[in-house]
Amino acid sequence: MANNVSHITEYRVLGKVLLVLMLMTFLTITVTSFDLGAFSVTIALLIAGFKAFMVLTYFMHLKHESLLLRILVGSVFVLFALIILITFIDYAYR
Amino acid sequence: MSEKHSHVEEHRDDEASKLGMWLFIFTELLLFGGLFLVYSIFRSEYHEAFHKSSLELSVTIGAINTIALLFSSMTIAMALTAMQKNNKKLALLMIGITLFMAVIFLINKYFEWGHKFEMGLYPGSPLMPLLDRGYLLYFSLYFFMTGLHALHIIIGMILLFICLFKVKNGTINNKRYSLLENGALYWHLVDLIWIFLFPLMYLIS
């Protein structure tokens, strides 16, 4: 029976994750308010990536999910990264 | 399962329905992923226009909406925790707060879009075709992406409303909370998409 054996995430863990997400939001607004050129895009996307990782890991419980599901989620992001890479290579060399 | 023989075996597999929800989430991620790709390509082609257009957006409204969604993402996760711990009252309260945050998000969006409409910027307006290509692309993508996201917010709200009633009448309980779990996953997806929409649309300029 695989029904409802899932791990229960404690309230304080969820609270801490929210705190981190809020701090990251504040950080990304502050950093991008300076003119850093191409750097600000990189930093903003890195911070967004970290926030997404936190949401996936704790809010969406991936930390306690099966290896199969974690591999599936990971491969979707790898697939998307490849699509971006290939499209930009295409645009750069045409 | 000590009471296994006391009632008829049910046909249910929570693990499989969760996997199904995740597969659906993958299609949603790639749907928005495609739009992000289009945005990135045009952004690199019309850098100046995208930069100037994004200054039209209010970072304050965007930030308030970000906070509202992050907070609601936590409350819906807490609703699931509460349900798993059989704390029905807290679960109801947390779903309620989540819905309240969603309403705040939509009200904000209404004012934000309303301001653009007043300026004559909306899909199909007489002003839009007169704009330079870069500006036209930015605002078209802005309306399409935030609009599609707002549609997801509304769908998520309907889903969570159903969860609210089912928790209330006991159909969702501490033994059977698959629908709430999957509804929460959907809500986190909406948050996840906004995490990328916010810096790309509002901040990077």
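Residues numbered from 1 in each chain as written. Chains lettered and ligands numbered in written order. Predicted model: local features only at pLDDT ≥ 70, side-chain atom pairs only at ≥ 80, totals over all residues. Heavy atoms only, no water.

1. Comments concerning the overall build of chain A
Heads up, the condition is: Here a helix means four or more residues in a row that DSSP labels H or I, a strand means two or more in a row labelled E, and each is numbered from the N terminus. Within these notes, the globule rule equals 2.2 Å times the number of residues to the 0.38 power, and the radius of gyration is based on C-alpha atoms. Under the scheme applied here, a residue whose accessible area is under 20% of the maximum for its type counts as buried, over 50% as exposed, and between as partly exposed, the area being computed with a 1.4 Å probe on protein chains only. Should any heavy atoms of two residues lie within 4.5 Å, those residues are considered in contact. Here the accessible surface of atoms and residues is derived via Shrake-Rupley with a 1.4 Å probe, and residues count as covered only by protein chains that are part of the display. Here Asp and Glu are counted as negative and Lys and Arg as positive; His is not counted, and neither are the chain ends. Note that the charge is assigned to NZ on lysines, CZ on arginines, CG on aspartates and CD on glutamates.
Helix and strand counts for chain A come out as three helices and zero strands. Reading chain A from its N end, one meets helices and strands in the order α-α-α. Computed over the C-alpha atoms, the radius of gyration of chain A is 17 Å, more than 25% above the 12 Å expected from 2.2 N^0.38 for a compact globule of 94 residues. Here the C-alpha coordinates of chain A stretch approximately 55 × 35 × 10 Å along the principal axes. For chain A, buried positions account for 33% of its 94 residues. When contacts within chain A are restricted to residue pairs at least 6 apart in sequence, long-range pairs at least 24 apart make up 54% of them. Accessible surface computed for chain A: about 5700 Å², of which carbon and sulfur atoms make up 75%. Mean positive and mean negative side-chain charge positions of chain A (6 and 4 charges, respectively) differ by 8 Å.

2. A word on the packing of helix H1 (residues 11-33) of chain A against helix H3 (residues 59-84) of chain B
Each pair of packed helices can be summarised by the angle the axes make with each other and by the distance between the axes. So the rule is basically this: For helices, the axis comes from a line fit to the C-alpha atoms of the stretch in contact; other axes are also lines fit to C-alpha atoms, and the angle between any two N-to-C directions lies between 0 and 180 degrees. Roughly parallel refers to an angle under 35 degrees, roughly antiparallel to one over 145, roughly perpendicular to one between 65 and 115, and oblique to any angle outside these ranges. Crossings are classed by handedness, with left-handed meaning an anticlockwise turn of the near helix from the far one by less than a right angle and right-handed meaning a clockwise turn. When residues are sorted by character, Ala, Val, Leu, Ile, Met, Phe, Trp, Tyr, Cys and Pro go into the nonpolar class, Asp, Glu, Lys and Arg into the charged class, and all the rest, Gly among them, into the polar class.
Two elements in contact, H1 of chain A and H3 of chain B, have axes whose closest approach is 10 Å; the angle formed by their N-to-C orientations is 165°. In terms of axis orientation, H1 of chain A runs roughly antiparallel to H3 of chain B. Regarding H1 of chain A and H3 of chain B, the two cross each other, and that crossing is right-handed. Residues Tyr11, Leu14, Gly15, Leu18, Leu21, Met22, Thr25 and Ile29 of chain A of H1 of chain A pack against Val59, Ala63, Thr66, Ile67, Leu70, Phe71, Met74, Ala77, Met78, Thr81 and Ala82 of chain B of H3 of chain B. The class makeup of the residues in the contact of H1 of chain A with H3 of chain B is 15 nonpolar, four polar and no charged.

3. Here's the deal with the interface of chain B and chain A
Threshold: Any Lys or Arg side-chain nitrogen located within 4 Å of an Asp or Glu carboxyl oxygen qualifies as a salt bridge. Throughout this description, a polar contact denotes any pair of N or O atoms lying within 3.5 Å of each other; where both atoms belong to protein, one of them has to be capable of donating a hydrogen while the other can accept it, and for residues adjacent in sequence the pair is counted only when both atoms sit in side chains.
On the side of chain A, 45 residues touch chain B, which itself brings 54 residues to the contact. In this assembly, chain B and chain A are joined by two salt bridges. For the salt bridge of Lys85 of chain B with Glu10 of chain A, the shortest nitrogen-to-oxygen distance reads 2.7 Å. Inspection of the chain B/chain A interface yields four residue pairs in polar contact (both at pLDDT 80 or more). Sorting the residues of the side of chain B that touches chain A by element identifies helix H1 (14-45), H3 and helix H6 (178-203) of chain B as the ones contributing at least two each. Among the elements that line the side of chain B that touches chain A, the one with the most residues is H1 of chain B, at 18 residues. A per-class count over the side of chain B that touches chain A returns 32 nonpolar, nine polar and 13 charged.

4. A closer look at the environment of Lys63 of chain A
Residue and element names in this part refer to chain A. Along the polypeptide, Lys63 turns up in the loop between helix H2 (38-59) and helix H3 (67-92). Given the relative accessible area of 45%, Lys63 is considered partly exposed. The spacing of Lys63 and Val78 is 15 residues in sequence and 18 Å in space, taken between C-alpha atoms.

5. Brief notes about the side chain of Thr9 of chain A
Looking at the element boundaries, Thr9 of chain A is found in the segment before H1. Every residue in contact with Thr9 of chain A, bar those within four places of it in the chain, is listed here: Leu14, Tyr58 and His61 of chain A together with Thr81 of chain B.

6. Some words on the domain arrangement of chain A
Applicable threshold: As used throughout, domain bounds are those supplied by an automatic or database domain assignment.
Domain boundaries in chain A define domain 1 (10-60) and domain 2 (64-94). The straight-line distance from the C-alpha centre of domain 1 of chain A to that of domain 2 of chain A is 20 Å.

7. Notes on helix H5 (residues 133-168) of chain B
Our working rule: Here the expected span of a helix is defined as 1.5 Å times the quantity of residues minus one.
The end-to-end C-alpha distance of H5 of chain B, which contains 36 residues, comes to 52 Å, matching closely the 52 Å that a straight helix rising 1.5 Å per residue would cover. Looking one or two residues past H5 of chain B, Gly170 of chain B carries a phi angle of roughly 90°, positive in sign.

8. Considerations on helix H2 (residues 47-54) of chain B
So the rule is basically this: When we speak of the arc, we mean the arc of directions from the helix axis to the C-beta atoms.
Burial in H2 of chain B covers these residues: Ala49, Phe50, Ser53 and Ser54 of chain B. Seen from one end, H2 of chain B has its buried residues packed into an arc of 125°, which puts them on one side.

9. Looking at the pattern of salt bridges
The full count for this structure, using the stated rule, is seven salt bridges over all chains. Of the charged contacts, one joins Glu65 of chain A and Lys18 of chain B as a salt bridge, the two residues approaching to 2.8 Å between their closest N and O atoms. Of this pair, Glu65 of chain A sits in the loop between H2 and H3 while Lys18 of chain B is found in helix H1, placing the two residues in two different chains. Comparing Glu65 of chain A with Lys18 of chain B shows no difference in burial state: the two are buried. Note that Lys52 of chain B and Glu48 of chain B form a salt bridge whose closest N and O atoms lie 3.5 Å from each other. With Lys52 of chain B and Glu48 of chain B both in helix H2 and four residues apart, the pair spans about one turn of that helix. When salt bridges that share partners are traced, they join Glu65 of chain A together with Lys18 and Glu181 of chain B into one network.

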